[in-house]
Amino acid sequence: MKERGLHEKAIDMVYLWVDGNDPEWRRRHDAAVGSGRRGSGADCEGRFIDNEELRYSLRSLELHAPWIRRIFIVTDGQVPRWLDVSNPRVRIVDHKEILPPEVLPTFNSQTIEHALWRIPGLSEHFIYGNDDTFLNRDVTPSDFFTEDGRPVVRFTRRRFRRLTLWLKEHVLRDRISDYNAAIRNAARLVERRYGRYIGSKTHHNIDAYCKSQYREAFETFEKEIRPTMANKLRGADDIQRNLYSYVPVAQGRAKVEYVTDRTSFRLHIHKPKLYDRFWRLNPTFFCVNDSEYATEADRRRLGEFLRGRFPAPSSFEVV
(Lines give C-alpha, C1' and ligand atoms only; values in the text may rest on other atoms or scores of the structure.)
Protein backbone atom coordinates (compact mmCIF):
# COMPACT_ATOMS: atom_id res chain seq x y z
CA MET A 1 0.00 0.00 0.00
CA LYS A 2 1.36 3.40 -0.94
CA GLU A 3 2.25 5.59 2.06
CA ARG A 4 0.04 8.62 2.51
CA GLY A 5 1.54 11.91 1.38
CA LEU A 6 2.68 14.46 3.93
CA HIS A 7 -0.38 16.64 3.33
CA GLU A 8 -2.59 13.73 4.42
CA LYS A 9 -0.75 12.95 7.66
CA ALA A 10 -2.28 14.10 10.95
CA ILE A 11 -0.16 16.81 12.59
CA ASP A 12 -1.04 18.02 16.09
CA MET A 13 0.08 21.06 18.09
CA VAL A 14 1.16 20.88 21.75
CA TYR A 15 1.44 23.82 24.13
CA LEU A 16 2.56 24.22 27.71
CA TRP A 17 0.49 26.78 29.59
CA VAL A 18 0.31 28.07 33.14
CA ASP A 19 -1.61 30.87 34.79
CA GLY A 20 0.73 32.17 37.45
CA ASN A 21 -1.89 34.77 38.41
CA ASP A 22 -4.08 32.02 39.89
CA PRO A 23 -4.01 32.14 43.74
CA GLU A 24 -4.54 28.38 44.02
CA TRP A 25 -1.60 27.71 41.68
CA ARG A 26 0.55 30.11 43.72
CA ARG A 27 -0.39 28.23 46.88
CA ARG A 28 0.76 24.94 45.31
CA HIS A 29 3.92 26.62 44.07
CA ASP A 30 4.87 28.13 47.43
CA ALA A 31 4.10 24.90 49.28
CA ALA A 32 6.43 22.97 46.97
CA VAL A 33 9.34 25.35 46.40
CA GLY A 34 8.76 28.38 48.61
CA SER A 35 8.79 31.98 47.45
CA GLY A 36 12.40 32.90 48.17
CA ARG A 37 13.62 32.43 44.57
CA ARG A 38 10.79 34.32 42.92
CA GLY A 39 13.12 37.01 41.63
CA SER A 40 15.47 34.54 39.92
CA GLY A 41 15.39 33.67 36.23
CA ALA A 42 14.02 30.20 37.00
CA ASP A 43 11.24 31.42 39.28
CA CYS A 44 10.45 35.02 38.38
CA GLU A 45 7.05 36.54 37.61
CA GLY A 46 7.86 36.47 33.91
CA ARG A 47 8.33 32.70 34.01
CA PHE A 48 4.74 32.01 35.06
CA ILE A 49 2.59 35.14 34.71
CA ASP A 50 -0.20 34.92 32.14
CA ASN A 51 -0.25 37.78 29.63
CA GLU A 52 -2.83 35.86 27.55
CA GLU A 53 -0.11 34.91 25.06
CA LEU A 54 -1.85 31.59 24.44
CA ARG A 55 -5.01 33.32 23.22
CA TYR A 56 -3.01 35.14 20.55
CA SER A 57 -0.82 32.17 19.71
CA LEU A 58 -3.98 30.18 18.94
CA ARG A 59 -5.18 33.03 16.75
CA SER A 60 -1.89 32.90 14.88
CA LEU A 61 -2.15 29.13 14.52
CA GLU A 62 -5.68 29.20 13.11
CA LEU A 63 -4.77 32.05 10.78
CA HIS A 64 -1.50 30.65 9.44
CA ALA A 65 -1.74 26.84 9.97
CA PRO A 66 -5.43 25.88 9.63
CA TRP A 67 -4.36 22.34 8.65
CA ILE A 68 -3.39 21.44 12.25
CA ARG A 69 -5.55 18.51 13.38
CA ARG A 70 -5.80 18.86 17.17
CA ILE A 71 -4.37 21.14 19.83
CA PHE A 72 -3.24 19.77 23.21
CA ILE A 73 -2.73 22.28 26.03
CA VAL A 74 -0.69 20.81 28.91
CA THR A 75 -1.54 22.45 32.24
CA ASP A 76 -1.43 22.04 36.02
CA GLY A 77 -5.14 21.66 36.73
CA GLN A 78 -5.98 24.94 35.00
CA VAL A 79 -8.12 26.00 32.04
CA PRO A 80 -7.89 29.41 30.33
CA ARG A 81 -11.08 31.29 31.20
CA TRP A 82 -11.57 32.35 27.57
CA LEU A 83 -11.02 28.89 26.03
CA ASP A 84 -13.95 27.12 24.38
CA VAL A 85 -13.42 23.63 25.79
CA SER A 86 -16.37 22.35 23.75
CA ASN A 87 -14.32 22.78 20.58
CA PRO A 88 -13.46 19.19 19.53
CA ARG A 89 -10.06 20.27 18.20
CA VAL A 90 -8.83 21.36 21.66
CA ARG A 91 -7.98 19.14 24.62
CA ILE A 92 -6.67 20.13 28.04
CA VAL A 93 -4.03 17.67 29.29
CA ASP A 94 -3.37 17.72 33.02
CA HIS A 95 0.15 17.06 34.30
CA LYS A 96 -1.24 14.02 36.13
CA GLU A 97 -2.01 12.35 32.80
CA ILE A 98 1.59 12.30 31.60
CA LEU A 99 3.86 12.64 34.64
CA PRO A 100 4.47 10.11 37.43
CA PRO A 101 2.89 11.09 40.77
CA GLU A 102 6.22 11.20 42.60
CA VAL A 103 7.38 14.27 40.59
CA LEU A 104 4.19 16.28 41.10
CA PRO A 105 3.65 19.10 41.49
CA THR A 106 6.35 20.43 39.21
CA PHE A 107 7.10 23.98 38.11
CA ASN A 108 9.90 22.97 35.76
CA SER A 109 8.97 23.13 32.08
CA GLN A 110 11.98 20.95 31.28
CA THR A 111 10.48 18.17 33.39
CA ILE A 112 7.13 18.42 31.62
CA GLU A 113 8.74 18.42 28.17
CA HIS A 114 10.26 14.99 28.80
CA ALA A 115 6.73 13.56 28.98
CA LEU A 116 5.11 15.05 25.86
CA TRP A 117 5.21 11.72 24.03
CA ARG A 118 2.84 10.33 26.67
CA ILE A 119 -0.06 12.63 25.73
CA PRO A 120 -3.07 10.38 25.03
CA GLY A 121 -4.17 10.54 21.40
CA LEU A 122 -1.17 12.57 20.22
CA SER A 123 -0.36 12.02 16.54
CA GLU A 124 2.96 10.56 15.37
CA HIS A 125 3.85 13.90 13.80
CA PHE A 126 3.42 16.88 16.10
CA ILE A 127 4.74 20.37 16.63
CA TYR A 128 5.36 21.93 20.02
CA GLY A 129 5.78 25.40 21.42
CA ASN A 130 5.37 27.36 24.60
CA ASP A 131 2.44 29.74 24.81
CA ASP A 132 4.67 32.67 23.88
CA THR A 133 5.47 31.32 20.39
CA PHE A 134 3.63 32.57 17.31
CA LEU A 135 3.26 32.20 13.57
CA ASN A 136 3.55 35.46 11.66
CA ARG A 137 3.13 34.03 8.15
CA ASP A 138 1.37 31.11 6.47
CA VAL A 139 3.13 27.77 6.91
CA THR A 140 2.52 24.30 5.47
CA PRO A 141 3.21 20.78 6.77
CA SER A 142 6.38 20.72 4.65
CA ASP A 143 7.75 23.56 6.80
CA PHE A 144 7.90 21.06 9.67
CA PHE A 145 8.26 17.59 8.11
CA THR A 146 9.88 16.19 5.00
CA GLU A 147 7.83 14.22 2.48
CA ASP A 148 9.06 10.97 4.04
CA GLY A 149 8.04 12.15 7.52
CA ARG A 150 11.34 13.28 9.06
CA PRO A 151 11.16 16.35 11.35
CA VAL A 152 12.66 19.64 10.21
CA VAL A 153 14.98 20.82 12.99
CA ARG A 154 15.56 24.57 13.05
CA PHE A 155 18.82 25.64 14.64
CA THR A 156 20.37 29.01 15.36
CA ARG A 157 23.84 28.82 13.85
CA ARG A 158 26.61 28.81 16.46
CA ARG A 159 29.76 27.45 14.81
CA PHE A 160 32.01 27.75 17.88
CA ARG A 161 29.45 27.53 20.67
CA ARG A 162 31.28 24.75 22.51
CA LEU A 163 34.49 26.77 22.57
CA THR A 164 32.61 29.95 23.49
CA LEU A 165 31.05 28.31 26.54
CA TRP A 166 34.40 26.84 27.60
CA LEU A 167 36.13 30.23 27.32
CA LYS A 168 33.36 31.93 29.27
CA GLU A 169 33.65 29.45 32.13
CA HIS A 170 37.37 28.72 32.25
CA VAL A 171 38.99 31.93 30.99
CA LEU A 172 36.52 34.68 31.83
CA ARG A 173 35.42 32.80 34.98
CA ASP A 174 31.85 33.70 34.20
CA ARG A 175 28.84 31.49 34.94
CA ILE A 176 26.78 30.33 31.99
CA SER A 177 23.01 30.40 32.39
CA ASP A 178 21.11 27.40 33.70
CA TYR A 179 19.28 27.26 30.36
CA ASN A 180 22.49 27.02 28.33
CA ALA A 181 23.96 24.54 30.79
CA ALA A 182 20.91 22.27 30.40
CA ILE A 183 21.23 22.39 26.60
CA ARG A 184 24.93 21.54 26.87
CA ASN A 185 24.04 18.59 29.09
CA ALA A 186 21.81 17.28 26.31
CA ALA A 187 24.55 17.77 23.71
CA ARG A 188 27.08 15.89 25.85
CA LEU A 189 24.72 12.94 26.25
CA VAL A 190 24.26 12.69 22.50
CA GLU A 191 28.01 12.98 21.91
CA ARG A 192 28.75 10.11 24.30
CA ARG A 193 26.14 7.89 22.68
CA TYR A 194 26.45 8.79 19.00
CA GLY A 195 29.92 10.37 18.70
CA ARG A 196 28.64 13.74 17.49
CA TYR A 197 28.54 16.98 19.47
CA ILE A 198 25.84 19.36 18.22
CA GLY A 199 26.68 22.88 19.30
CA SER A 200 23.67 24.67 17.85
CA LYS A 201 20.46 25.31 19.77
CA THR A 202 16.95 24.91 18.44
CA HIS A 203 15.44 28.23 17.48
CA HIS A 204 13.42 28.93 20.65
CA ASN A 205 10.13 28.62 18.84
CA ILE A 206 7.76 25.99 17.45
CA ASP A 207 9.64 22.72 16.84
CA ALA A 208 8.70 19.53 14.98
CA TYR A 209 8.91 16.01 16.42
CA CYS A 210 8.01 12.43 15.66
CA LYS A 211 6.45 10.80 18.71
CA SER A 212 8.24 7.50 18.10
CA GLN A 213 11.63 9.26 17.95
CA TYR A 214 10.79 11.25 21.08
CA ARG A 215 9.89 8.13 23.02
CA GLU A 216 12.98 6.29 21.77
CA ALA A 217 15.27 9.12 22.90
CA PHE A 218 13.59 9.28 26.31
CA GLU A 219 13.92 5.53 26.83
CA THR A 220 17.55 5.59 25.67
CA PHE A 221 18.49 8.27 28.21
CA GLU A 222 15.87 7.63 30.89
CA LYS A 223 18.46 7.01 33.60
CA GLU A 224 20.20 10.33 32.87
CA ILE A 225 16.88 12.21 32.58
CA ARG A 226 15.51 10.94 35.90
CA PRO A 227 17.20 13.65 38.07
CA THR A 228 15.64 16.37 35.87
CA MET A 229 12.21 14.87 36.50
CA ALA A 230 12.74 15.38 40.23
CA ASN A 231 13.68 19.08 39.95
CA LYS A 232 10.80 21.36 40.91
CA LEU A 233 12.39 24.33 39.12
CA ARG A 234 14.73 24.62 36.15
CA GLY A 235 18.40 24.19 37.00
CA ALA A 236 21.87 23.82 35.53
CA ASP A 237 21.87 20.03 35.97
CA ASP A 238 18.69 19.52 33.91
CA ILE A 239 18.62 17.78 30.53
CA GLN A 240 16.91 20.18 28.13
CA ARG A 241 14.50 19.12 25.35
CA ASN A 242 17.04 19.94 22.64
CA LEU A 243 17.85 16.28 23.30
CA TYR A 244 14.81 15.28 21.25
CA SER A 245 16.12 17.19 18.25
CA TYR A 246 19.78 16.29 18.70
CA VAL A 247 19.13 12.53 18.68
CA PRO A 248 17.41 12.31 15.27
CA VAL A 249 19.96 14.75 13.81
CA ALA A 250 22.84 12.58 15.10
CA GLN A 251 21.09 9.52 13.67
CA GLY A 252 20.53 11.11 10.26
CA ARG A 253 16.75 10.95 10.75
CA ALA A 254 15.99 14.68 10.58
CA LYS A 255 16.45 17.60 8.21
CA VAL A 256 18.43 20.57 9.58
CA GLU A 257 17.68 24.17 8.68
CA TYR A 258 19.35 27.26 10.12
CA VAL A 259 17.32 30.34 10.98
CA THR A 260 18.04 34.04 10.94
CA ASP A 261 16.05 36.88 12.51
CA ARG A 262 14.17 37.09 9.22
CA THR A 263 12.79 33.59 9.71
CA SER A 264 12.61 33.23 13.50
CA PHE A 265 12.66 36.30 15.73
CA ARG A 266 12.98 36.50 19.51
CA LEU A 267 11.37 39.59 21.01
CA HIS A 268 12.45 40.34 24.58
CA ILE A 269 9.59 42.46 25.85
CA HIS A 270 11.81 44.62 28.06
CA LYS A 271 13.56 45.94 24.92
CA PRO A 272 11.03 48.24 23.19
CA LYS A 273 13.21 48.83 20.11
CA LEU A 274 12.77 45.19 19.14
CA TYR A 275 9.15 45.85 18.16
CA ASP A 276 10.32 48.12 15.34
CA ARG A 277 12.81 45.49 14.25
CA PHE A 278 10.07 42.86 14.21
CA TRP A 279 7.92 44.91 11.83
CA ARG A 280 10.90 45.54 9.54
CA LEU A 281 11.88 41.87 9.36
CA ASN A 282 8.36 40.36 9.22
CA PRO A 283 9.61 36.88 10.25
CA THR A 284 7.77 33.58 9.81
CA PHE A 285 8.10 32.66 13.51
CA PHE A 286 8.43 34.86 16.55
CA CYS A 287 8.35 34.52 20.32
CA VAL A 288 7.82 37.12 23.04
CA ASN A 289 9.96 36.54 26.09
CA ASP A 290 8.84 37.82 29.47
CA SER A 291 11.58 37.61 32.08
CA GLU A 292 12.91 38.88 35.39
CA TYR A 293 13.83 42.11 33.57
CA ALA A 294 10.29 42.96 32.41
CA THR A 295 8.06 45.52 34.12
CA GLU A 296 4.29 45.94 34.14
CA ALA A 297 4.70 48.68 31.54
CA ASP A 298 6.53 46.18 29.32
CA ARG A 299 3.64 43.72 29.72
CA ARG A 300 1.06 46.38 28.82
CA ARG A 301 3.06 47.18 25.70
CA LEU A 302 3.10 43.47 24.84
CA GLY A 303 -0.69 43.29 25.20
CA GLU A 304 -1.16 46.21 22.82
CA PHE A 305 1.19 44.61 20.31
CA LEU A 306 -0.56 41.21 20.36
CA ARG A 307 -4.04 42.73 20.11
CA GLY A 308 -2.90 44.76 17.13
CA ARG A 309 -1.20 41.86 15.38
CA PHE A 310 -4.01 39.30 15.92
CA PRO A 311 -7.26 41.26 16.42
CA ALA A 312 -9.77 38.63 15.25
CA PRO A 313 -10.93 36.00 17.77
CA SER A 314 -10.27 32.37 16.86
CA SER A 315 -12.77 29.52 16.93
CA PHE A 316 -11.04 28.35 20.12
CA GLU A 317 -12.35 31.30 22.15
CA VAL A 318 -15.62 31.83 23.96
CA VAL A 319 -17.12 34.96 22.42
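As the structure is a prediction and not an experimental result, all values here were calculated from the model.

Some details on the overall build of the protein chain
Tallying secondary structure elements over the protein chain gives twelve helices and eleven strands in all. Looking at the 319 residues of the protein chain, the share that counts as buried comes to 55%. At a minimum sequence separation of 6, the contacts of the protein chain that also span at least 24 residues come to 73%. Approximately 14,700 Å² of the protein chain is accessible, and the part contributed by carbon and sulfur atoms is 50%.

Description of the packing of helix H11 (residues 273–281) against helix H12 (residues 296–309)
Between H11 and H12, whose axes approach to 11 Å, the crossing angle comes to 20°. By the angle between their directions, the pair H11 and H12 is classed as roughly parallel. Classified by chirality, the crossing of H12 by H11 is right-handed. When H11 is examined against H12, the residues Tyr-275, Phe-278 and Trp-279 are found in contact with a partner set consisting of Asp-298, Arg-301, Leu-302, Phe-305 and Arg-309. Among the residues forming the contact of H11 with H12, the class breakdown is five nonpolar, no polar and three charged.

Structural notes on the packing of helix H8 (residues 211–220) against helix H10 (residues 243–251)
The geometry of H8 relative to H10 is characterised by a closest axis approach of 9 Å and an angle of 100° between their N-to-C directions. If you check the angle between H8 and H10, you find them roughly perpendicular. Judged by residue contacts, Gln-213, Tyr-214, Glu-216, Ala-217 and Phe-218 of H8 engage Tyr-244, Val-247, Pro-248 and Gln-251 from H10. A per-class count over the contact of H8 with H10 returns six nonpolar, two polar and one charged.

A short note on the environment of Tyr-293
Within the secondary structure, Tyr-293 is located in the loop between strand S11 (285–289) and H12. Overall, the relative accessible area of 54% leaves Tyr-293 in the exposed class. The spatial distance from the C-alpha of Tyr-293 to the C-alpha of His-270 is 6.4 Å, given a sequence separation of 23 residues. In contact with Tyr-293, not counting residues within four places along its chain, are His-270 and Asp-298.

Concerning the sheet that holds strand S10 (residues 264–268)
Backbone hydrogen bonds hold the strands of a sheet together, and the pairing may be parallel or antiparallel. Strand order in the open sheet formed by three strands is S5-S11-S10, and the pairing between neighbours is mixed. Because the sheet does not close on itself, it has two edges, and the strands there are strand S5 (133–135) and S10. In this sheet, neighbouring strand axes are inclined to one another by 25° on average, regardless of whether the strands run parallel or antiparallel. Packed on one face of the sheet, helix H3 (residues 53–64) meets S5 and S11 and runs near 25° to S5.

A word on the sheet that holds strand S9 (residues 255–259)
With mixed pairing, three strands are arranged side by side in an open sheet as S7-S6-S9. At either end of the open sheet lies a strand with only one pairing partner, and these are strand S7 (201–202) and S9. Of the strand pairs in this sheet, strand S6 (residues 152–156) and S7 are connected by two bridges, and their pairing is antiparallel. When the bridges of S7 are listed, Thr-156 appears paired with Lys-201. Along the sheet, H10 makes contact with S6, S7 and S9, crossing S6 at roughly 110°.

Conventions used here
- Residues numbered from 1 in each chain as written.
- Predicted model: local features only at pLDDT ≥ 70, side-chain atom pairs only at ≥ 80, totals over all residues.
- Heavy atoms only, no water.
- Helix = DSSP H or I, 4+ residues; strand = E, 2+ residues; numbered from the N terminus.
- Buried < 20%, exposed > 50% of the residue type's maximum accessible area, 1.4 Å probe, protein only.
- Contact = heavy atoms within 4.5 Å.
- Areas by Shrake-Rupley, 256 points an atom, 1.4 Å probe, with all protein chains shown as cover.
- Axes fitted to C-alpha atoms, helices over the stretch in contact; angles between N-to-C directions.
- Parallel < 35°, antiparallel > 145°, perpendicular 65-115°, else oblique.
- Left-handed = near helix turned anticlockwise from the far one by under 90°.
- Nonpolar A, V, L, I, M, F, W, Y, C, P; charged D, E, K, R; others polar.
- Pairing = 2+ DSSP bridges.

As far as function goes, none of this settles anything; it's purely spatial.
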